[in-house]
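Residues per chain, in single letters:
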Amino acid sequence: MPANPSSLLILHPRLNVYLKPFVLSLPHFSSPTLSFNRARSFPIPRHPFPIGPTRNFSSLSSTSVAQCSGENGGDGGRSGALSPPPITDVVQKIDVNPPKGTRDFAPEEMRLRSWLFQNFREVSRIFGFEEVDFPVLESEALFIRKAGEEIRDQLYCFEDRGNRRVALRPELTPSLARLVIQKGKSVSLPLKWFAIGQCWRYERMTRGRRREHYQWNMDIIGVPEVTAEAELISSIVTFFKRIGITASDVGFKVSSRKVLQEVLRCYSIPENLFSKVCIIIDKIEKIPLDEIKKELTSTGVSEEGVEELLQVLSIKSLAKLEEILGSAGEAVADLKQLFSLAEKFGYSEWIEFDASVVRGLAYYTGIVFEGFDREGKLRAICGGGRYDRLLSTFGGEDLPACGFGFGDAVIVELLKEKGLVPELSLQVENIVCALDVDLQGAAARVASILREKGQSVDLVLESKPLKWVFKRAARINAYRLILVGSSEWQRGMVSVKILSSGEQNEVKLDELE
């Protein structure tokens, strides 16, 4: 057969199902002995075969065009090869679960989250704090400070298309510090800021610990006195009281990084080892004591220093600490002042001294604290402290600062444990229904009037029987049902039924409230 520039070389045997019946009907291929499995050239008709919606073959591709000669040795023609995708009728289902360690918030969960955030915001407001927010995506350098921090190994980090190293924020405090440096002297001190943001950490999941969580932060910038820490703890106590948590349910362990500093100074341990020691001490309740001793020794602390350090860290009495360290040091003075302020604020029964509390982040410099459940079933509920030297690690001028972080996951577990999760069913004030399809526009007008007055309205968007409407009203806890009927509408009225009492009246449209 002579070569033809408009010839098509069929190379895919699976196309035989479509092409063989057609091709064999052509004069060129009338021989019953012709094998169709070999590559053949044939003229392209206008519509060679029907292509259904499930057989979406690609068009001629320039990448698959090849030079080939005719079967009888002609001068060759350019022919494109069809390159169809794999043919399959199977639609693969996606995994409908969110990525491991993350959550969906269906309406029920979203109502609980909104309630929790509302309490976070209300407590922040009554303490005079202003809300701020930061990008979820930050520069990776913002979160890489001291080697050994858990957070360093838990970053969700990558290189973006501009070859910049970025990370999903694992906490909010570094972003806050960045913003404070950015604002510089344009803001007056003290700053009292709060934020509620989503944080990401690739960590081992346990009860109340996920790979993403929302966190409430309150921070005070520019106050060097312990009154700032006392105010922050007071705000958390206020939050607990609002949601029904008492001092018998939750407490605060309080200590100071300066306790460790004074002990290490006694054993001539270099200052540059302080952060490493703090990070190790923070693991006391997470790994065996022998492992703690090994890690401390490996940093350069003598065996005698390790034993003395662990002895001090086991102290649960501020009076006992004062016996060992004396009353002249800053650590004891700060702690005594905090406990004195706690009495004046009215939350002394909520706090206790525990020298082992150091917090795992390297930037803390003074008083530190953790909220814990007294039954010991959950991990720390919240935690914070003073970080007077954080800004200089980012190239800024240091300012006295303290703050706390309070996650959303552990507190929800505690509320469940105590039976304090509130009933937060959907509640809509009005449900509006047209009794005739032609009155759907009238019903929409009624809904708009009520919404403009600030009322919530569920408008029935389809023609539904009244039985369905009443069931819908019960499900959304509607206060009243407004029916738009033909005769009433002609008189400029609607029928209003109070669902709790069954009372029903006709109300003029301009009197509807």
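Residues numbered from 1 in each chain as written. Predicted model: local features only at pLDDT ≥ 70, side-chain atom pairs only at ≥ 80, totals over all residues. Heavy atoms only, no water.

Engineer: Looking at this structure, how should I read the overall build of the protein?
Structural biologist: Each helix and strand in the protein was counted, giving 15 helices and 20 strands. Classification of the 513 residues of the protein by burial places 46% in the buried group. Long-range pairs, those at least 24 residues apart, make up 66% of the contacts in the protein with a sequence separation of at least 6. Entry remark: accessible area of the protein is about 27,400 Å², with carbon and sulfur atoms responsible for 51%. (Helix = DSSP H or I, 4+ residues; strand = E, 2+ residues; numbered from the N terminus. Buried < 20%, exposed > 50% of the residue type's maximum accessible area, 1.4 Å probe, protein only. Contact = heavy atoms within 4.5 Å. Areas by Shrake-Rupley, 256 points an atom, 1.4 Å probe, with all protein chains shown as cover.)

Engineer: Is there a simple way to explain the pairing of strand E11 (residues 250-256) in this structure?
Structural biologist: Along any regular strand the residues' side chains alternate between the sheet's two faces. Most of E11 sits inside the fold, with seven of its seven residues counted as buried. Summarising the sheet, E11 and strand E12 (residues 351-353) pair through three bridges and their orientation is parallel. Across the sheet, the residue bridging to Lys253 is Glu352, located in E12. (Pairing = 2+ DSSP bridges.)

Engineer: Can you walk me through the packing of aromatic side chains in this structure?
Structural biologist: The geometry of an aromatic ring pair is captured by two quantities: the separation of the ring centres and the angle between the planes. As enumerated under the stated definition, the model contains 19 aromatic pairs in all. On the numbers, 6.2 Å between centres and 50° between planes, the contact of Phe240 with Phe252 is tilted. Here Phe252 lies in strand E11 and Phe240 lies in helix H5 (residues 227-242), a separation of twelve residues in the sequence. The burial state of Phe240 is the same as that of Phe252; both residues are buried. Ring geometry for Tyr363 and Tyr364: centres 5.0 Å apart, planes at 55°, overall tilted. Like Tyr363, the residue Tyr364 is buried in the burial classification. Grouping aromatic residues by their ring pairs yields a cluster made of Phe105, Phe117, Phe120, Tyr214, Trp216, Phe239, Phe240, Phe252, Trp350, Phe404 and Phe406. Its guanidinium or amino end placed over the ring of Phe105, Arg113 lies 4.6 Å from that ring's centre, counting from NZ or CZ. Taking the ring centre of Phe372 as reference, the NZ or CZ of Lys253 above it sits at 5.0 Å. (Phe/Tyr/Trp six-rings, centres within 6.5 Å; stacked < 30°, edge-to-face > 60°. Lys NZ or Arg CZ within 6 Å of the ring centre and 35° of its normal.)

Engineer: What exactly am I supposed to notice about the sheet that holds strand E16 (residues 430-434) here?
Structural biologist: Whenever strands of a sheet pair, they do so through backbone hydrogen bonds, lying parallel or antiparallel. The strand order across the open sheet formed by five strands is E17-E16-E18-E19-E20, and the pairing between neighbours is mixed. Two strands bound the open sheet, and with one partner strand each, they are strand E17 (457-459) and strand E20 (504-508). Averaged over neighbouring strand pairs, the angle between their axes works out to 25° when direction is ignored. Sheet topology note: the E16/E17 ladder contains three bridges and is parallel. Looking across to E17, one finds that Asn430 is bridged to Val457. Against the sheet, helix H13 (residues 440-452) touches E16, E17, strand E18 (480-484) and strand E19 (493-498), its axis set at about 170° to E17. (Axes fitted to C-alpha atoms, helices over the stretch in contact; angles between N-to-C directions.)

Engineer: How should I be thinking about H13 in this particular structure?
Structural biologist: Because each turn of an α-helix spans 3.6 residues, side chains separated by three or four positions end up pointing in the same direction. For H13, built from 13 residues, the straight-helix expectation of 18 Å at 1.5 Å per residue is met to within 8% by its first-to-last C-alpha distance of 18 Å. Inspection of H13 places Ala442, Ala443, Val446, Ala447 and Leu450 among the buried residues, and these make up the whole buried set. Across the axial projection of H13, the buried residues extend over an arc of 145°, all falling on one side. Turned more than 90 degrees away from the buried face of H13, the exposed residues are Gly441 and Glu452. Contacts from the buried residues of H13 go to E16, E17, E18, helix H15 (486-490) and E19. Following H13 by one or two positions, Gly454 has its phi on the positive side, about 90°. (Expected span 1.5 Å × (residues − 1). Arc of directions from axis to C-beta.)

Engineer: How should I be thinking about the environment of Trp489 in this particular structure?
Structural biologist: Looking at the secondary structure, you find Trp489 in helix H15. Considering only alpha carbons, one finds Trp489 and Leu439, 50 residues apart in sequence, at a separation of 8.6 Å.

Engineer: Can you help me understand a nonpolar patch on the surface in this one?
Structural biologist: A cluster of nonpolar side chains, contributed by Leu435, Leu466 and Phe470, occupies part of the molecular surface with about 250 Å² of accessible area. Within the secondary structure, Leu435 is located in the loop between E16 and H13. (Patch = residues over 30% accessible without salt bridge, like charges linked within 9 Å, V, L, I, M, F, W, Y side chains within 5 Å. Salt bridge = Lys/Arg side-chain N within 4 Å of Asp/Glu carboxyl O.)

Engineer: Just checking my understanding: could you explain the packing of helix H8 (residues 289-298) against helix H9 (residues 303-313) for this structure?
Structural biologist: Helix-helix packing is characterised by the crossing angle of the two axes and by the distance between the axes. Contact geometry of H8 with H9 gives a least axis separation of 10 Å together with a crossing angle of 130°. When the interaxial angle is binned, H8 and H9 end up oblique. The hand of the H8/H9 crossing is right-handed. Every residue of H9 that contacts H8 at Leu289, Ile292, Lys293, Leu296 and Thr297 is listed here: Val306, Glu307, Leu309 and Leu310. Along the lines of polarity and charge, the residues of the contact of H8 with H9 split into six nonpolar, one polar and two charged. (Parallel < 35°, antiparallel > 145°, perpendicular 65-115°, else oblique. Left-handed = near helix turned anticlockwise from the far one by under 90°. Nonpolar A, V, L, I, M, F, W, Y, C, P; charged D, E, K, R; others polar.)

Engineer: Looking at this model, I keep getting lost on the environment of Glu349. Mind explaining?
Structural biologist: Residue position: Glu349 is located in the loop between helix H11 (330-345) and E12. As a C-alpha pair, Glu349 and Ala247 span 102 residues in sequence and 6.6 Å in three-dimensional space. Leaving out residues up to four positions away in the same chain, Glu349 has contacts with Ala247 and Arg374. A distance of 3.5 Å separates the side chain of Glu349 from the side chain of Trp350, its partner in a polar contact. (Polar contact = N/O pair within 3.5 Å; in protein donor to acceptor, adjacent residues only side chain to side chain.)

Engineer: Help me out: how do you make sense of the pairing of E16 in this one?
Structural biologist: Among the five residues of E16, five are classified as buried, and the element is accordingly described as predominantly covered. Along E16, one buried face is formed by Asn430, Val432 and Ala434 and the opposite face, lined by Ile431 and Cys433, is buried too. A crossover connection joins E16 to the parallel E17 through H13; in handedness this β-α-β unit is right-handed. As judged from the five bridges shared by E16 and E18, these two strands associate in the parallel manner. Across the sheet, Cys433 pairs through a bridge with Leu483, a residue of E18. (Right-handed = clockwise from strand over helix to strand, strands pointing away.)

Engineer: Looking at this structure, I do not really get the nonpolar core. What am I missing?
Structural biologist: Across soluble globular proteins, nonpolar side chains have a tendency to be buried as a group. Residues Trp216, Phe239, Phe240, Phe252, Leu321, Phe406 and Ile411 are the most contacted members of the largest nonpolar core, which totals 79 residues. Sorting elements by how many residues they give to this core places H5 first, with eight residues. Setting aside chain neighbours within four positions, we find Phe240 in contact with Ile245, Val250, Phe252, Trp350, Ile381, Phe406 and Ile411. Grouped together as the second largest cluster of nonpolar side chains are 22 residues, Val132, Leu179, Leu361 and Val368 included. (Core = buried A, V, L, I, M, F, W, Y, C linked by side-chain atoms within 4.5 Å.)

Engineer: I would appreciate a short explanation of the sheet that holds strand E10 (residues 212-221) in the present structure.
Structural biologist: The strand order across the open sheet built from eight strands is E5-E9-E10-E15-E14-E13-E11-E12, with neighbouring strands paired in mixed fashion. The sheet terminates laterally at strand E5 (130-131) and E12, the two strands that pair on one side only. Bridge count between strand E13 (residues 367-373) and strand E14 (residues 382-386): four bridges; the pairing is antiparallel. In the strand pairing of E14, Phe369 is matched with Gly384. Each of E10, E11, E13 and strand E15 (401-407) touches helix H12 (residues 408-417); the most contacted strand, E15, lies at about 55° to it.

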